[in-house]
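The residues making up each chain are set out below.
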Amino acid sequence: SGPTVAIVGATGAVGSVMIEIMNARESVPWGEIRLIASPRSAGSTITVRGVEHTVVALSPEAFDGVDIAMFDVPDELSAEWAPVAVERGAIAVDNSGAFRMDPEVPLVVPEVNGSAATRRPKGIVANPNCTTLSMMAALGRLHEQFGLRELVVSSYQAASGSGQEGVDRLRAELDAVAGKQVGERAGDVSEAITAAGLSEDSPFKAPLALNVVPWCGSRKEDGWTSEELKVRNESRKILGLPDLRVSATCVRVPVLTTHSLAVHAKFEREVTVEQARRSFEQAPSIVLQDDPDGPDFPTPAGVVGAEPTYVGRIRQALDFPETLDFFVCGDNLRKGAALNTYEIAETLVEAS
Ligand code: 2RA
């Protein structure tokens, strides 16, 4: 029978989407599917592809016999346990930030640099951050044909990028402002949130309901956030362009799931809107939704739950030669996390 795959963090937000993805697949190459989670969740049962599985506790022995271990857990758990899985004979596909910039760990988006997964001296393959991933299918495609030179990006990131805590907070804030005459005076949204008894300890640095928050991730040097540096560093690594000029501003918006990005990309060669459209139309993992006459374009509310990346609003930048502007939306829990991790695992099976 086929290889044994493990989902580490099977009961978490991304692990649960991973199971949905597996359930939706017409066929899977796996012999055994093993679900691994914290000792707290061990013993619970989850049905995968019609078969009830008992969740086992994370331990070195849990990896015995595993060929591919997909990790959907926080950075510190991946840092500790991915090497353990490798020691026990598995390839670790890691969705955390623990290994992404390690030069001995490939950072893979299968349709862009899938072959990089075969060179993995540490036995670990990393999955990019969801913000980078949301634009990578589109950018990889254009880079292959027109040669990417510069990238200026603004993100519109969903609350679920901050985990279940982010989702719960946004829902609670929306309840707190619903039906109220707020958003008309500075500070009244905050007051409504406080009056509803919500804690000041929010995953967001400002109210997210009826607002946008230009801060995602943690503080880094010179005013940048971790999220903005990830967009720069990971784009360079995935595309194999170590000197790519990148500038990003990452913004949290009151959307539950699906990240969007406004992309301004400059290429070596001239690229027309028609050429870009044709290129996107031929890409299996991209849906072109771009009709200025409709008008028709992607939005997070229309894309959430979908596997492909949606691209629209493609324009030739009026004052910048060889430059396109476009808008992408991608479900941050699917292509942005669970789906790409799963596709890496599928790529590894195909290559074996
Ligand atoms: C966020 N990209 O949206 C992060 C999650 N990894 O906050």
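Here the structure is a predicted model, which is why all the values come from computation and not from measurement.

### As for the sheet that holds strand β11 (residues 259-267)
Reasoning step 1: Taken together, the six strands give an open sheet; going across it, the order is β10-β9-β11-β14-β13-β12, and neighbouring strands pair in mixed fashion. Each edge of the open sheet is held by one strand with a lone partner, namely β10 (245-252) and β12 (286-288). Taking the axes of each pair of neighbouring strands and ignoring which way they run, one obtains an average angle of 20° across the sheet.
Reasoning step 2: Across eight bridges, strand β9 (residues 148-157) lies against β10 in parallel orientation. Counted as the bridge partner of V153 is A248 from β10.
Reasoning step 3: The strands touched by helix α8 (residues 273-281) within the sheet are β12, β13 (309-316) and β14 (323-330), with β13 carrying the most contacts at an inclination of about 170°.

### Examining the UniProt feature "binding site: substrate" (unreviewed entry) in the protein chain
Reasoning step 1: UniProt marks Q157 and R252 with the feature "binding site: substrate" (unreviewed entry), using the numbering shown here. Across 96 residues in sequence, these annotated residues keep their C-alpha atoms within 4.6 Å of one another, forming a single compact spot.
Reasoning step 2: As for its placement among the helices and strands, Q157 is situated in strand β9.
Reasoning step 3: Accessibility expressed as a relative area gives 1% for Q157, which makes it buried.
Reasoning step 4: Filtering out sequence-adjacent residues up to four positions away, Q157 remains in contact with T131, C216, E227, C250, V251, R252, V253 and H259.
Reasoning step 5: The residue R252 is located in strand β10 in this model.
Reasoning step 6: Using a relative accessible area of 6% as the deciding quantity, one classes R252 as buried.
Reasoning step 7: Look past the residues within four positions of R252 in its chain and what remains in contact with it is Q157, A158, A159, G161, S162, F204, L208, V212, V213, W215, C216 and H259.

Calculation rules
- Residues numbered from 1 in each chain as written.
- Predicted model: local features only at pLDDT ≥ 70, side-chain atom pairs only at ≥ 80, totals over all residues.
- Heavy atoms only, no water.
- Pairing = 2+ DSSP bridges.
- Helix = DSSP H or I, 4+ residues; strand = E, 2+ residues; numbered from the N terminus.
- Axes fitted to C-alpha atoms, helices over the stretch in contact; angles between N-to-C directions.
- Contact = heavy atoms within 4.5 Å.
- UniProt positions renumbered as here; feature names shortened; annotations may be inferred.
- Buried < 20%, exposed > 50% of the residue type's maximum accessible area, 1.4 Å probe, protein only.

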